[in-house]
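Understanding the architecture of this molecule
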Amino acid sequence: LIAVLASNKQQPQQESTPASSVPSLRPSSVPSLQPSSSSVPSSVPSAQPSSSSVPSFVPSYVPSSVPSSEREFALNILSDVSDVSLLRDNTTPQGKAFEWILDTDPLRLAPADGSFVQRFVLAVLYFSTGGGSWNRCSAPADVNNLVVCTTIFSGSAWLTNSSECDWGGIDCGDGVTT
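What comes next concerns the included structure. (Residues numbered from 1 in each chain as written. Predicted model: local features only at pLDDT ≥ 70, side-chain atom pairs only at ≥ 80, totals over all residues. Heavy atoms only, no water.)

Take the overall build of the protein chain next. Of the regular secondary structure elements, the protein chain holds five helices and two strands. For the protein chain, the N- to C-terminal ordering of α and β elements is α-α-α-α-α-β-β. The proportion of buried residues among the 178 residues of the protein chain is 23%. Restricting the contact set of the protein chain to residue pairs at least 6 apart, pairs at least 24 apart contribute 39%. Carbon together with sulfur atoms contributes 56% to the accessible area of the protein chain, which is approximately 13,000 Å² in total. (Helix = DSSP H or I, 4+ residues; strand = E, 2+ residues; numbered from the N terminus. Buried < 20%, exposed > 50% of the residue type's maximum accessible area, 1.4 Å probe, protein only. Contact = heavy atoms within 4.5 Å. Areas by Shrake-Rupley, 256 points an atom, 1.4 Å probe, with all protein chains shown as cover.)

This is the structure in structure tokens:
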């Protein structure tokens, strides 16, 4: 480093000399207007990136771990109650219920909705017990058509636009679904 400095020895600059595009070997008392670069590494390490436990108000451009699509978000939510491979397989009751709740369900609940998982689980029950062939309360051809089913339990047909708590035979009283 000393040999490089000696070979590049320059005349000292006056403090009143205007800024130059040629780098000097001595620090100046006036800040430069542009960043400088050097082929010689500095002896002082640069500062570490800052970190804070308080979120910033400026959005980052780096992708986060939050799923990018509603489908992926729903997979994450439902992975607590079902194996993801079963959710992705549309031949299983879980896969049929997954496709139904995302693509066909007339209520179009968001995965973050408190009733989303409950509604999904009841749809799995419907598909796993052959709900389409039930004598009563099966889903009508037009799911937007409120169909009342009559059994020992009154309610609406399953997989319709009514609350899952109103489907025939379901009771959501006292926060417990039976």
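On we go.
A few words now on the state of the cysteines. All chains considered together, the criterion is met by one disulfide. Across a sulfur-sulfur distance of 2.0 Å, Cys 165 and Cys 172 are joined as a disulfide pair. Handedness of the Cys 165-Cys 172 disulfide follows from its S-S torsion of about -90°: it is left-handed. (Disulfide = S-S within 2.5 Å.)

Across soluble globular proteins, nonpolar side chains show a tendency to be buried alongside one another. Core analysis: the largest hydrophobic core is formed by 23 residues, its most contacted members being Phe 98, Phe 116, Phe 120, Trp 158, Leu 159 and Trp 167. Elements represented by at least two residues in this core include exactly helix 2 (70-78), helix 4 (93-104) and helix 5 (116-128). If sequence neighbours within four positions are ignored, Phe 120 has contacts with Leu 78, Val 81, Ser 82, Leu 87, Gln 94, Ala 97, Phe 98 and Ile 101. (Core = buried A, V, L, I, M, F, W, Y, C linked by side-chain atoms within 4.5 Å.)

Between its first and last C-alpha atoms helix 5 spans 18 Å; for 13 residues at 1.5 Å apiece the expected length is 18 Å, and the two agree. Among the residues of helix 5, those classed as buried are Phe 116, Arg 119, Phe 120, Leu 122, Ala 123, Val 124 and Tyr 126. (Expected span 1.5 Å × (residues − 1).)

Attention now moves to the environment of Phe 127. Residue placement: Phe 127 occurs in helix 5. Spatially, the C-alpha atom of Phe 127 lies 5.0 Å from that of Pro 93, the residues being 34 residues apart in sequence. Excluding residues within four positions of it along the chain, Phe 127 makes contact with Pro 93, Lys 96, Ala 97, Trp 100 and Leu 159.

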